[in-house]
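The chain contents come next:
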Amino acid sequence: MAEKTKNVSSQKSSDEEKPKENIRCLTTLGHFGFDCFPCQLVSRSLQRGFSFNILCVGETGIGKTTLINTLFNTNIKDSKSSHFHPTVGLKVKTYELQESNVHLKLTVVKTVGFGDQINKEASYLPVVEYIDAQFEAYLQEELKIKRSFFEFHDSRIHVCLYFISPTGHSLKSLDLLTMKSIDSKVNIIPLIAKADTISKSDLQKFKSRIMNELNSNGIQLYQFSADDETAAQANTSTNGLLPFAVVGSMEEVKVGKRMVRGRHYPWGVLQVENENHCDFIKLRDLLLCTNMEDLKEKTHTYHYECYRYHKLKTMGFTDVGPDNKPVSFQETYEFKRQEFQEQCQQEEEELKQKFMQRVKEKETAFKDAEKELQEKFEHLKKVQQEEIMKLEEEKSKLEEEILSFYKMKAASETPHSQETNIRRDRDRKK
């Protein structure tokens, strides 16, 4: 044992005496650690692509398509809408966009004929029904046994761009009613469309007037998040700029030595991407660069959850029972199933009783009708017999009169025949 220890110690000392040049050093291929998790999410998101659903609500010809083209620097071909639609409709189109190696599935929902009718009382209903229908479709997919969220197209609206006419006075009743009806269902960002038609001083007054009306009517707008440190400062300052005054244009105009997107007027050039001219840059940066994921998250965690809560509450599902103890979904389902079966049986019994009662009523009615018909038949038969007896009596009277008539005729004809014979005899003798 001592010899083995001696050999080991001698081997160690010999290893220590070896030159360091023979030591093989391993080089790392890259950074490692759990701070690489975001990189995995980025690569997976790039593979799957992104989706974004926008609802554009505004009057016909207010510039909804132009602004979407300007926002995403694309040319969405769309036919011009008419002002003569009898009802308000929705036009839904999905586009596959790509910028560098990022793929975006953009769904744009635009109102058609909004505000063109004389009676605008129910103009907001198609918008509300569409938003609820997308929530319902997602809820039905969520309640399936075999779900396929990766293949399912999530069509829930992430943001509603509400276009306000640049009147410079106040909001219309239709605008207030529509925003009040959808503010709990979707993230609303109000926009003053065609803001180049209003002067700067009038534009600021118009903005403050709009915000005062929205606040006095209790309409909740989307508040840009201040939780993210990178976007907190920009979002905080931007909340005070609502509603955004925007101008859309895909036309390139020459300004100095460079070409910019804008509109050329006799008095000068309006640059769409100039913050001194309009709020388009702020809207694009906050909508696409800093707050897109927050819009999608708020849609799922707040608006959809509110719809889901009220829907399941209406169906009778609850988290606690009458004794305030937690109730599982299975227990609630079994209870509702049993309650439904009992209700069906009760309704079946009620239907049977109603059916039997109606059968009895019909039988009684048929018997009464049959009795009435029999009485009518007997009465008519009796009347007929009386008529027959009268006719027979009259017939016998007529026969007696005829017989007496013939007798009288015969009696009157006998003397006349004798006279005729006497005359004939006299004529012969002569």
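Just so you know, these numbers come straight off a predicted model, no measurement behind them.

Side note on helix α6 (residues 200–216)
Argument step 1. When the terminal C-alpha atoms of α6 are compared, their 24 Å separation across 17 residues agrees well with the 24 Å that a helix rising 1.5 Å per residue should span.
Argument step 2. All buried positions along α6 are accounted for by L203, F206, K207, I210, M211, E213 and L214. Down the axis of α6, the smallest arc covering the buried residues is 160°, so these residues share one side. Counted as exposed and oriented over 90 degrees from the buried face of α6: K205, N212, N215 and S216.
Argument step 3. Turning to α6, the residues buried within the fold contact β4 (159–164), α5 (173–182), β5 (188–192) and β6 (244–245).
Argument step 4. Taken from the residues just after α6, G218 is the one with a positive phi, measuring 70°.

Section: the packing of helix α4 (residues 125–142) against helix α9 (residues 292–315)
Argument step 1. Running from N to C, α4 and α9 cross one another at 80°; their axes reach a closest spacing of 10 Å. Looking at the two axes, α4 sits roughly perpendicular to α9. Judged by residue contacts, D132, F135, E136, Y138, L139 and E142 of α4 engage T299, H300, H303, Y304, Y307, R308 and K311 from α9.

As for the side chain of K64
Argument step 1. As for its placement among the helices and strands, K64 is situated in helix α3 (residues 64–72).
Argument step 2. Buried charge K64 goes without a salt bridge, the closest partner of opposite sign being D116 at 8.2 Å.
Argument step 3. Sequence-distant contacts of K64, that is, excluding residues within four places in its chain, are made with C56, V57, G58, E59, K110, T111 and F163.

Focus: the pattern of salt bridges
Argument step 1. Per the counting criterion, the structure on display carries 13 salt bridges.
Argument step 2. In this structure, the salt-bridge partner of E305 is R308, at a minimum N-O distance of 3.8 Å. In this pair, E305 and R308 are both assigned in helix α9, three residues apart and thus about one turn of the helix distant.
Argument step 3. On the basis of relative accessibility, which here comes to 31%, the residue E305 falls in the partly exposed class.
Argument step 4. Exposure remark for R308: the relative accessible area of 30% places this residue in the partly exposed category.
Argument step 5. Several salt bridges converge on common partners, so that one network encompasses E142, E305 and R308.

Description of the sheet that holds strand β7 (residues 252–255)
Argument step 1. Judged by pairing direction, the sheet is antiparallel, and its three strands sit side by side in the order β7-β8-β9 without closing on themselves. This sheet does not close on itself; its edge strands, each paired only once, are β7 and β9 (268–271). When strand polarity is set aside, the average angle formed by the axes of neighbouring strands in this sheet is 70°.
Argument step 2. Of the strand pairs in this sheet, strand β8 (residues 258–265) and β9 are connected by four bridges, and their pairing is antiparallel. For Y265, the partnering residue across the bridge sits in β9 and is G268.

Some details on the packing of α3 against helix α8 (residues 280–290)
Argument step 1. Following both chains from N to C, one finds α3 and α8 inclined at 70°, their axes separated by 10 Å at the closest point. As judged from the angle between their axes, α3 and α8 are roughly perpendicular. In this structure, α3 meets α8 at a crossing whose hand is right-handed. Each of L67, T70, L71 and F72 in α3 lies in contact with α8, whose residues at this interface are F280, L283, R284, L287 and L288.

Notes on the sheet that holds β6
Argument step 1. On the basis of which strands lie adjacent, the open sheet formed by six strands has the order β2-β3-β1-β4-β5-β6 and mixed pairing. If you trace the sheet from one side to the other, it starts and ends with β2 (89–99) and β6, each paired once.
Argument step 2. On top of the sheet, α9 reaches β1 (50–57) and β4; it is set at about 80° to β1, its chief contact.

Structural notes on the nonpolar core
Argument step 1. Counting residues in each nonpolar core, the largest one holds 73 residues, and the members touching the most others are F52, L161 and I189.
Argument step 2. Counting residues per element, this core draws most heavily on α4, which supplies seven residues.

As for the packing of aromatic side chains
Argument step 1. Following the criterion strictly, the structure yields six aromatic pairs and no others.
Argument step 2. Here the aromatic rings of F135 and Y304 are separated by 6.0 Å at their centres, their planes lie at 50°, and the arrangement is tilted. Of this pair, F135 sits in helix α4 while Y304 sits in helix α9; the two residues are 169 residues apart in sequence, bridging distant segments of the chain.
Argument step 3. Using a relative accessible area of 2% as the deciding quantity, one classes F135 as buried.
Argument step 4. For the pair F135 and Y307, a centre-to-centre distance of 5.5 Å together with 35° between the ring planes defines the contact as tilted. With a gap of 172 residues between them, F135 in helix α4 and Y307 in helix α9 connect regions that are remote in the sequence. As far as the burial class goes, F135 and Y307 line up, both buried.
Argument step 5. By way of ring pairs, the aromatic residues F135, Y138, F152, Y304 and Y307 are connected into one cluster.
Argument step 6. Taking the ring centre of Y304 as reference, the NZ or CZ of R156 above it sits at 4.9 Å.

Focus: the confidence of the model for the protein chain
Argument step 1. Averaged over every residue, the pLDDT of the protein chain is 84; residues scoring 70 or more account for 87%.
Argument step 2. The element-level mean pLDDT for the protein chain is lowest in helix α1 (residues 2–16), coming to 46, with β4 highest at 95.

Details of unusual backbone geometry
Argument step 1. Here the residue pair L242 and P243 is connected by a cis peptide bond, since its omega of -5° sits within 30 degrees of zero.
Argument step 2. Locating P243 in the fold gives a position in the loop between α7 (229–238) and β6.
Argument step 3. For N73, which is not a glycine, the phi torsion comes out positive at approximately 50°.
Argument step 4. Inspection of the secondary structure assignment puts N73 in the loop between α3 and β2.
Argument step 5. Despite not being glycine, S100 shows a phi value in the positive range, around 60°.
Argument step 6. Note that S100 resides in the loop between β2 and β3 (102–112).
Argument step 7. The exposure class of S100 is exposed, given its relative accessible area of 66%.

Basis of the calculations
- Residues numbered from 1 in each chain as written.
- Predicted model: local features only at pLDDT ≥ 70, side-chain atom pairs only at ≥ 80, totals over all residues.
- Heavy atoms only, no water.
- Helix = DSSP H or I, 4+ residues; strand = E, 2+ residues; numbered from the N terminus.
- Expected span 1.5 Å × (residues − 1).
- Buried < 20%, exposed > 50% of the residue type's maximum accessible area, 1.4 Å probe, protein only.
- Arc of directions from axis to C-beta.
- Contact = heavy atoms within 4.5 Å.
- Axes fitted to C-alpha atoms, helices over the stretch in contact; angles between N-to-C directions.
- Parallel < 35°, antiparallel > 145°, perpendicular 65-115°, else oblique.
- Lys, Arg positive; Asp, Glu negative; His and termini not counted.
- Salt bridge = Lys/Arg side-chain N within 4 Å of Asp/Glu carboxyl O.
- Pairing = 2+ DSSP bridges.
- Left-handed = near helix turned anticlockwise from the far one by under 90°.
- Core = buried A, V, L, I, M, F, W, Y, C linked by side-chain atoms within 4.5 Å.
- Phe/Tyr/Trp six-rings, centres within 6.5 Å; stacked < 30°, edge-to-face > 60°.
- Lys NZ or Arg CZ within 6 Å of the ring centre and 35° of its normal.
- pLDDT = per-residue confidence, 0-100.

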